[in-house]
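# Topology and contacts: notes
Spelled out, the chains give:
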Amino acid sequence: MAHGALIGARGNSGTILAQLLRGMAQVLAGGETGEVSHCDGAGLRVALRHAADSARQAVAHPVEGTVLTVAAAAAAAAEKAEGDCAAVARAAYEGAGLALAGTPEQLAVLRRAGVVDAGGRGLVTVLGALVEACTGEAVNELSRAREAARETAAAVAGAHARVEAVSGAENCVEGDDDGPAYEVIYLLEAADEAVARLRTRLDALGDSLVVVGGDGLWNVHVHVDDAGAAVEAGVEAGRPYRIRITHFGAGDVHTGGERPPRERVQRAVVAVVPGEGLAGLYTEAGATTVLARPGEPPASGELVQAVRRAHAREVVLLPNDAELRHTAAAAAEQARTEGIRVALIPTRSAVQGIAALAVHEPGRRFDEDVVQMTSAAGATRYAEVLVAEHRSWTSAGICQAGDVLGLIDGDVAVIGPDLTATAETLLDRMLRAGGELVTLVVGDEAPESVATHLETHVRESYLAVDTLVYRGGRQGSPLLIGVE
């Protein structure tokens, strides 16, 4: 949940929520604080306090009357509660609700609009869900929270003020003539020391600065007049990506000026890819890509954002991973509620996605295009070559740490000491069942000679079979193989 919130955060409150969840995870997983190793009443009290404190520390200039106030009140109420998780969660929920009711007295912009803080309202709803999870009993306030959220939106519209979920913002109204012109949000891969320097740089450029995350991955949010300088600061600190720049009151912009709303295209393909090389290949073919780094699968919110970014009436979604099936299905369902027609093709490997993309024709009827793409993916067997990290049992026998594993359709079929020889054996097994085209996606971890060796082997041993080779970059496995 913490990781999903981090990569999917939009605006101040979403960024703060990501840090709240991260703070809880650090305690309950026995991570940085190491104070508890399981969740009981005492552990939940510690987790809520650590969450509130870490969220406040992530905000450059904390302001009361925001989600930070509500989180602190929840933690304080939890610390006074005795008993199990249910009792502590209920105390936190009630304390948060009382703090939420007082937010209009702490922020003039809320008082003028006649609303409570939207981010705080969201946190109360999350805590209500926690109570329900711990007790099995529905919290009546949840339905009232949703109704209040709708009333809030109406009140803000009537007041002609766009009240943001102002968690920690010094400027609470978007579009205020006295405030910065742009909101800049991006994910950042960077070391801790570089992020410390980035905070100082961005704090001097603007306000509403929130930087959350850790372990090399951060979500950066700031309001500035010079959006380009905010992005350049991220480039100096590390590698920013998924950069989103919004001009308050004028829609999205890339950099340096307004952009009129563009017309939706009829159809697009959104694909999850495991490496930079494949991302480039898919992009050249016209797809919108989501990069899945090893051990960091994308969350459904990230896929929904990619579908929106494709800006199409019809979208074909390629998860390219069997474990992403449910995540992709949830993203597709969310996108459909927004009026986008989405078809999910259950591709289980990037090579199946390549096969599907190769037969994609935007000019065809949507259903026909989906059928052809699904058929091409289904006709592609996929394999993967990995290096075992530890001794374990597999469907092909016992492997030792350092052994090379060849997997066909997700199951270990070959175990060997050498990557090139194991890949050749694996490819022979696949081609025994026939095939017309072999696709090799070579990762950075693979020997330079493996692609040439396998191409030569196929040419000499299977006269009617063609071979295509792509460079996948840092894709988490040395070699992906597809046989169509």
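Definitions and limits used
Residues numbered from 1 in each chain as written. Predicted model: local features only at pLDDT ≥ 70, side-chain atom pairs only at ≥ 80, totals over all residues. Heavy atoms only, no water. Buried < 20%, exposed > 50% of the residue type's maximum accessible area, 1.4 Å probe, protein only. Helix = DSSP H or I, 4+ residues; strand = E, 2+ residues; numbered from the N terminus. Contact = heavy atoms within 4.5 Å. Pairing = 2+ DSSP bridges. Axes fitted to C-alpha atoms, helices over the stretch in contact; angles between N-to-C directions. Salt bridge = Lys/Arg side-chain N within 4 Å of Asp/Glu carboxyl O. pLDDT = per-residue confidence, 0-100.

### Brief notes about helix α13 (residues 300-310)
Those residues of α13 not exposed but buried are Glu302, Leu303, Val304, Gln305, Ala306, Val307 and Ala310. In this fold, the buried residues of α13 make contact with α1 (2-8), β6 (239-247), β8 (265-273), β9 (288-291), β10 (312-318) and α14 (325-337). Once α13 finishes, histidine 311 follows within two positions and takes phi at roughly 55°, a positive value.

### A few points about the sheet that holds β9
Taking strand neighbours across the sheet as the criterion, the four strands line up as β9-β8-β10-β11 in an open arrangement whose pairing is parallel. Across the chains shown, the open sheet's two edge strands, defined by having one partner strand only, are β9 and β11 (341-344). Each adjacent strand pair in this sheet contributes to an overall mean axis angle of 20°, direction not counted. Bridge analysis of β10 against β11 gives four bridges, and the strand direction is parallel. Looking at β11, one finds that valine 316 is bridged to alanine 343. Here α13 sits on the sheet in contact with β8, β9 and β10, set at roughly 160° to β9.

### Overview of the pairing of strand β16 (residues 411-416)
Sheet analysis places strand β15 (residues 404-408) next to β16, joined by five bridges and oriented antiparallel. Bridge pairing in β16 places glycine 406 opposite valine 414. Once β15 ends, the chain turns through two residues before running back antiparallel as β16, passing aspartate 409 with a positive phi of about 50°.

### Details of the pairing of strand β4 (residues 206-214)
Extensive coverage of β4 is indicated by the burial of nine of its nine residues. Pairing geometry for β4 and strand β5 (residues 217-224), over seven bridges, is antiparallel. Among the inter-strand pairings, aspartate 207 is bridged to a residue of β5, identified as histidine 223. In sequence, β4 turns back onto β5 through a hairpin of two residues, with aspartate 215 there showing a positive phi of about 55°.

### Concerning the pattern of salt bridges
In this structure the tally under the stated criterion is 18 salt bridges. As a salt-bridge pair, arginine 49 and glutamate 79 come within 3.0 Å of each other at their nearest N and O atoms. Here the residue arginine 49 occupies a position in helix α3 (residues 41-58), and glutamate 79 occupies one in helix α4 (residues 67-79), the gap between them amounting to 30 residues. For glutamate 79, a relative accessible area of 42% puts it in the partly exposed group.

### A closer look at the sheet that holds strand β19 (residues 479-483)
In space, the six strands of this open sheet follow the order β16-β15-β12-β19-β17-β18, with mixed pairing throughout. The sheet is open, and its two edges are formed by β16 and β18 (466-473), each paired on a single side. Ignoring strand direction, the axes of neighbouring strands in this sheet form an average angle of 20°. Of the strand pairs in this sheet, strand β12 (residues 381-387) and β19 are connected by five bridges, and their pairing is antiparallel. Bridged to arginine 381 within β19 is valine 483. Relative to the sheet, helix α12 (residues 276-284) contacts β17 (437-443), β18 and β19, its axis offset from that of β18 by approximately 120°.

### Looking at the confidence of the model for the chain
As a note on interpretation, predicted positions should not be read in detail where pLDDT is low. When pLDDT is averaged along the chain, the result is 84; 87% of the residues meet or exceed 70. Here residues 142-177 scores under 50 on pLDDT; set against residues more than four positions off or in separate chains, the count is 71 contacts.

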